[in-house]
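Below are the chains, spelled out letter by letter.
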Amino acid sequence: MALRLLILLTPLILLACDAQAPALSVSEIRVTAPVPGSGISAAYFSLRNPGDVPIRISQVSSPHFASVEIHETVLESGIARMRRVDELTLGAGERIAFSPGGLHLMLADLVGAPKSVTLEFYADGMLILAVTAPLGAES
Ligand SMILES: [Cu+2]
């Protein structure tokens, strides 16, 4: 009986190991130049979970911005409003596009005058991916 339980548990343990270092890939990153006066930038990209377990993104931060939030633009009574998204789950194999008018990263309070910025993605409090992209000239 104990042996049978062990055999049953083995796949679960393997899944748990995977979950400790989830693979996340980001492509087509575009970070807009800060809007003059407000200092706010936005980041757009394609996010993909190539693994076979869900990834729950709990936080995104940057050494180059004091504040980073995941936002979603939603239409309310015909008016576009931004709503903060506290966490985002990508299912196994799922791809989510961050694009103008939809999900985006809102970056506020640029630190210094960097030519490129780093974005750090956390899953359940653990850093799983850091990517660097040029800080764009357009907004
Ligand atoms: Cu926003």
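Thresholds applied
- Residues numbered from 1 in each chain as written.
- Predicted model: local features only at pLDDT ≥ 70, side-chain atom pairs only at ≥ 80, totals over all residues.
- Pairing = 2+ DSSP bridges.
- Helix = DSSP H or I, 4+ residues; strand = E, 2+ residues; numbered from the N terminus.
- Axes fitted to C-alpha atoms, helices over the stretch in contact; angles between N-to-C directions.
- Core = buried A, V, L, I, M, F, W, Y, C linked by C-beta atoms within 7 Å.
- Buried ≥ 20, exposed ≤ 12 C-beta atoms within 10 Å, placed from the backbone.
- Contact = placed C-beta atoms within 7 Å.

### Quick word on the sheet that holds strand S3 (residues 55-61)
- Strand order in the open sheet formed by four strands is S6-S3-S9-S10, with antiparallel pairing between adjacent strands. With partners counted over all chains shown, the strands left at the sheet margins are strand S6 (88-90) and strand S10 (126-134), one partner each. Strand-to-strand twist across the sheet, computed as the mean angle between neighbouring axes with direction ignored, equals 35°.
- Summarising the sheet, strand S9 (residues 116-123) and S10 pair through eight bridges and their orientation is antiparallel. Note that in S10 the partner of Ser116 across the bridge is Pro134.

### Overview of the nonpolar core
- If you look at the biggest cluster of nonpolar residues, it comprises 17 residues, and the most contacted ones within it are Ala43, Phe98, Leu105, Leu107 and Leu119.
- Among the secondary structure elements, those contributing two or more residues to this core are strand S2 (41-48), S3, strand S4 (65-76), strand S8 (103-110) and S9.
- Among residues more than four places away in sequence, those in contact with Phe98 are Ala43, Tyr44, Phe45, Leu47, Leu103, His104 and Leu105.

### Remarks on the pairing of S2
- As judged from the five bridges shared by strand S1 (residues 25-31) and S2, these two strands associate in the antiparallel manner. Bridged to Arg30 within S2 is Tyr44.
- When S2 meets S8, the two strands line up antiparallel, connected through three bridges. Among the inter-strand pairings, Ser41 is bridged to a residue of S8, identified as Leu107.
- Sheet topology note: the S2/strand S7 (residues 95-98) ladder contains four bridges and is antiparallel. Within S7, the residue paired with Ser46 across the bridge is Ala97.

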